[in-house]
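One letter stands for each residue in the lines below.
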Amino acid sequence: MDLLLHFETLHQYDAGEAGISVPISLIGERRIRLEAKLDTGAAYCIFEREIGERLGLDIETGSPEWFGTATGRFRAFGHSVTLLAFGYQLDLFAYFAEHPNFGRNVLGRHGWMQQLKLGIVDYDGRLYVGRYDSED
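What you are looking at is a predicted structure, and each value in this text was computed from that prediction instead of being measured. (Residues numbered from 1 in each chain as written. Predicted model: local features only at pLDDT ≥ 70, side-chain atom pairs only at ≥ 80, totals over all residues. Heavy atoms only, no water.)

Examining the overall build of the chain
Okay, step 1: Check the secondary structure of the chain and you find 1 helix and 10 strands.
Okay, step 2: Written out in order from the N terminus, the α and β elements of the chain read β-β-β-β-α-β-β-β-β-β-β.
Okay, step 3: Taken over C-alpha atoms, the radius of gyration comes to 15 Å for the chain, in line with the 14 Å a tight globule of 136 residues would show.
Okay, step 4: Taken along its principal axes, the extent of the C-alpha atoms in the chain is 50 × 30 × 25 Å.
Okay, step 5: If you take every contact in the chain between residues at least 6 apart in sequence, the share linking residues at least 24 apart comes to 57%.
Okay, step 6: By element, 47% of the accessible surface of the chain is carried by carbon and sulfur atoms, the whole surface being about 8000 Å².
Okay, step 7: One way to put it: in the chain the 13 positive side-chain charges average out to a point 4 Å from where the 20 negative ones average out. (Helix = DSSP H or I, 4+ residues; strand = E, 2+ residues; numbered from the N terminus. Rg over C-alpha atoms; globule rule 2.2 N^0.38 Å. Contact = heavy atoms within 4.5 Å. Areas by Shrake-Rupley, 256 points an atom, 1.4 Å probe, with all protein chains shown as cover. Lys, Arg positive; Asp, Glu negative; His and termini not counted. Charge placed at Lys NZ, Arg CZ, Asp CG, Glu CD.)

Observations concerning the packing of aromatic side chains
Okay, step 1: Across all of its chains, the model carries 8 aromatic pairs by this definition.
Okay, step 2: Both rings, one in F67 and one in F74, keep their centres 5.5 Å apart while their planes meet at 25 degrees; by these two values the pair is stacked. As far as burial versus exposure is concerned, F67 and F74 are alike and both buried.
Okay, step 3: Among the aromatic residues, those joined into a cluster by ring pairs are Y44, F67, F74, F93, Y95 and F102. (Phe/Tyr/Trp six-rings, centres within 6.5 Å; stacked < 30°, edge-to-face > 60°. Buried < 20%, exposed > 50% of the residue type's maximum accessible area, 1.4 Å probe, protein only.)

Describing unusual backbone geometry
Okay, step 1: Located in the positive-phi region is F86, a residue other than glycine, with phi close to 55 degrees.
Okay, step 2: Mapped onto the fold, F86 is located in the loop between β6 (72-85) and β7 (88-97).

A short note on the sheet that holds strand β1 (residues 9-12)
Okay, step 1: Here we have 3 strands laid out as an open sheet, ordered β1-β10-β9, and antiparallel in their pairing. The outermost strands of the open sheet, each flanked by one partner alone, are β1 and β9 (116-121). With direction set aside, neighbouring strand axes in the sheet form an average angle of 20 degrees.
Okay, step 2: By the bridge criterion, 4 bridges tie β1 to strand β10 (residues 126-131) in an arrangement that is antiparallel. Bridging across to β10, Q12 finds its partner in R126. (Pairing = 2+ DSSP bridges. Axes fitted to C-alpha atoms, helices over the stretch in contact; angles between N-to-C directions.)

Quick word on the pairing of strand β5 (residues 63-69)
Okay, step 1: Bridge count between β5 and β6: 7 bridges; the pairing is antiparallel. If you follow G68 over to β6, its bridge partner there is R73.
Okay, step 2: The antiparallel pairing of β5 with β6 creates a hairpin that spans 2 residues between the two strands.

With respect to the pairing of β10
Okay, step 1: Pairing of β9 with β10, which is carried by 6 bridges, proceeds in the antiparallel orientation. By the bridge assignment for β10, L116 is matched with R131.
Okay, step 2: The turn linking β9 back onto β10 is made up of 4 residues, and G125 within it adopts a positive phi angle of 65 degrees.

Some remarks on the pattern of salt bridges
Okay, step 1: Per the counting criterion, the structure on display carries 4 salt bridges.
Okay, step 2: For the salt bridge of E98 with R75, the shortest nitrogen-to-oxygen distance reads 2.8 Å. Residue E98 is located in the loop between β7 and β8 (106-107), and its partner R75 is located in strand β6; the two are separated by 23 residues in the primary sequence.
Okay, step 3: E98 sits in the buried class, given a relative accessible area of 19%.
Okay, step 4: With relative accessibility at 26%, the residue R75 sits in the partly exposed group. (Salt bridge = Lys/Arg side-chain N within 4 Å of Asp/Glu carboxyl O.)

So this is what it looks like as structure tokens:
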């Protein structure tokens, strides 16, 4: 059986670095450019508190949620934002950490992966990206 997928974009990343870094922009009251890590194990997109504040969000007015990791639990607050990456504009619900010492920006399944098709060839540092709703 032959299986073919169509991807519009190829993003090359450094396979020697920890994780897969993706250049993105988040849009709220302002536009912020940053790098986030692709995290196939994360249910949601979660960003540092400072990023939300720079977007003009009042963090604690968002929808509160507790998240668990291998190292413990933390609380974050959800807000609707627009994410730009690889020429795609995605409207999504993202979470911003309650504490300023949360030092990660991750792209998770809900909002990010569910709107895209992704192909990863980690040995070569290649991330293939396409919109989920595009024809194969």
